[in-house]
Structures are given as C-alpha cells and as structure tokens.
Amino acid sequence: MTNPKIIIGIDPGTRLTGYGIIEVVGSEYRILDYGCISPPPKLKLSDRYLILFNAIEELIQKYIPQVLAVETQYVDKNVQSAIKLGMARGVAIIAAKRHGLAVFEYAPSKVKLAVVGNGRAGKSQVQGMIKLLLNLSEVPPEDAADALALAICHAQSYNSLIPCNCEI
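What you see is a predicted model; the values in this text were computed from it and never measured.

Colleague: Explanation requested: the packing of helix α1 (residues 45–63) against helix α2 (residues 79–98) in the structure shown.
Modeller: Packed helices, taken two at a time, are described by the angle their axes make and the gap between the axes. Here α1 crosses α2 at 35°, and the two axes come no closer than 9 Å. Between α1 and α2 lies a crossing whose hand is right-handed. Across from L45, Y49, L52, F53, I56, E57 and I60 in α1, the residues of α2 making contact are K84, M87, A88, V91, A92, I94, A95, A96 and R98. Here the contact of α1 with α2 is built from residues that sort into 13 nonpolar, no polar and 3 charged.

Here it is, written out as structure tokens:
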C-alpha cells in the first residue's frame with residue numbers, strides 16, 4: 001500500500017484566495033477541506049496579505065501537507081493586478097516554506113488539461129469536473145475549485161512516470 005500524501009492547492013488573490021486540500025493514496029483522491037479566504041476589501045493590502053498568510057499557515061498546521069501547489073504567475077493587461085497577485089502568491093509560498101513544504105507551480109492551462117482534458121476549459125467546466133472527481137454534493141466556488149484542481153494536477157504529476165520539473 002502507498003503512503004498517503006496530503007497536497008494543498010492555493011489559487012492566490014488579494015480579494016479571494018481559494019484553497020483545496022486532498023489526501024492521495026495511489027491514484028485515489030480524498031477531499032479533506034476546501035474554501036476561500038476573503039480578507040475584508042477595505043483593509044490595506046499589507047493587512048490582507050497578513051490575513052492570507054495566517055489563514056494558510058493555520059491550514060498547514062491543521063492538515064500537515066507535504067506539498068503546496070500554486071499557479072504560475074502571469075501578467076494580463078493590468079500590471080498592478082499582476083504585482084498584487086504575485087505578492088499573494090509569495091505569501092502562500094513563504095507560509096509553505098516556513099513549514100518545510102515542497103512548493104510546485106503549474107500553468108493554468110496545464111491544470112485545466114489535467115482535470116478537464118482541455119487546457120482552454122472554462123471555470124464552470126473545472127468546477128463540474130472537480131465535483132465529479134471528488135464526489136462532492138455541490139459545485140465548489142470557482143477559486144476553491146481552481147485550488148482543488150491544482151492539488152489534483154500535482155497528484156497526477158506525482159503519480160506519473162514522467163518527472164515534474166516544476167518545483168520552485
């Protein structure tokens with residue numbers, strides 16, 4: 001029997017940060033927790049980052065994962081948004097490294113391909129597949145579904161014979 005591995009997926013954001021925690025035994029996934037961290041939007045960014053850090057740290061202490069999976073950084077049209085997102089991403093990475101977790105990053109298209117089979121899948125398709133794959137009674141919120149998809153993507157890479165060169 002394979003030892004269980006606990007993976008936390010984080011979909012970072014300054015308004016909503018999705019998280020999803022799964023336990024993996026062989027090719028079986030068992031959901032442990034999922035949801036969104038939503039700091040009050042009226043707070044200064046530095047205070048929101050602290051709330052994110054503390055919440056992620058609490059999740060790590062509660063579930064004791066071995067790995068954190070996070071989306072790669074991308075820049076759309078708004079550079080300021082990308083910088084804020086990058087800082088939220090950094091907060092998650094620092095919380096993970098503080099607790100000795102390995103950190104892996106995945107491009108959104110790779111995550112969608114791993115979960116839906118289509119790298120250009122829409123949010124609702126990801127949500128639907130997460131509901132199906134994890135036997136959930138309802139569709140999870142978008143950000144939580146993305147975080148769970150990250151965790152599943154890592155589990156698939158981990159169980160694959162092809163090594164993943166995405167640890168950061």
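Colleague: Quick question: what am I supposed to make of the pattern of salt bridges here?
Modeller: A side chain of one charge can pair with a side chain of the opposite charge when the charged atoms of the two come close. Here the structure, examined in full by the defined rule, presents 4 salt bridges. In this structure, E105 engages R89 in a salt bridge whose closest nitrogen and oxygen atoms are separated by 2.2 Å. Residue E105 is found in strand β5 (residues 102–106), and its partner R89 is found in helix α2; the two are separated by 16 residues along the sequence. Exposure remark for R89: the relative accessible area of 11% places this residue in the buried category.

Colleague: Would you mind showing me how to read a nonpolar patch on the surface here?
Modeller: A cluster of nonpolar residues, V79, I83 and M87, forms a patch on the protein surface that exposes about 270 Å² of accessible area. With respect to the helices and strands, the residue V79 is situated in helix α2. Given a relative accessible area of 49%, V79 falls into the partly exposed group.

Colleague: When you look at the environment of G26 in this model, what are you seeing that I'm missing?
Modeller: Inspection of the secondary structure assignment puts G26 in the loop between β2 (17–25) and β3 (28–37). The class for G26 is partly exposed, based on a relative accessible area of 25%.

Colleague: Which parts of the structure should I look at to understand the environment of C36?
Modeller: Mapped onto the fold, C36 is located in strand β3. Along the primary structure C36 and G20 are separated by 16 residues, whereas in three dimensions their C-alpha atoms are 8.8 Å apart. If near-sequence neighbours (up to four positions away) are discounted, C36 is found in contact with L16, T17, G18, Y19, P141, D143 and A144.

What counts and what doesn't
- Residues numbered from 1 in each chain as written.
- Predicted model: local features only at pLDDT ≥ 70, side-chain atom pairs only at ≥ 80, totals over all residues.
- Heavy atoms only, no water.
- Axes fitted to C-alpha atoms, helices over the stretch in contact; angles between N-to-C directions.
- Helix = DSSP H or I, 4+ residues; strand = E, 2+ residues; numbered from the N terminus.
- Left-handed = near helix turned anticlockwise from the far one by under 90°.
- Contact = heavy atoms within 4.5 Å.
- Nonpolar A, V, L, I, M, F, W, Y, C, P; charged D, E, K, R; others polar.
- Salt bridge = Lys/Arg side-chain N within 4 Å of Asp/Glu carboxyl O.
- Buried < 20%, exposed > 50% of the residue type's maximum accessible area, 1.4 Å probe, protein only.
- Patch = residues over 30% accessible without salt bridge, like charges linked within 9 Å, V, L, I, M, F, W, Y side chains within 5 Å.
- Areas by Shrake-Rupley, 256 points an atom, 1.4 Å probe, with all protein chains shown as cover.

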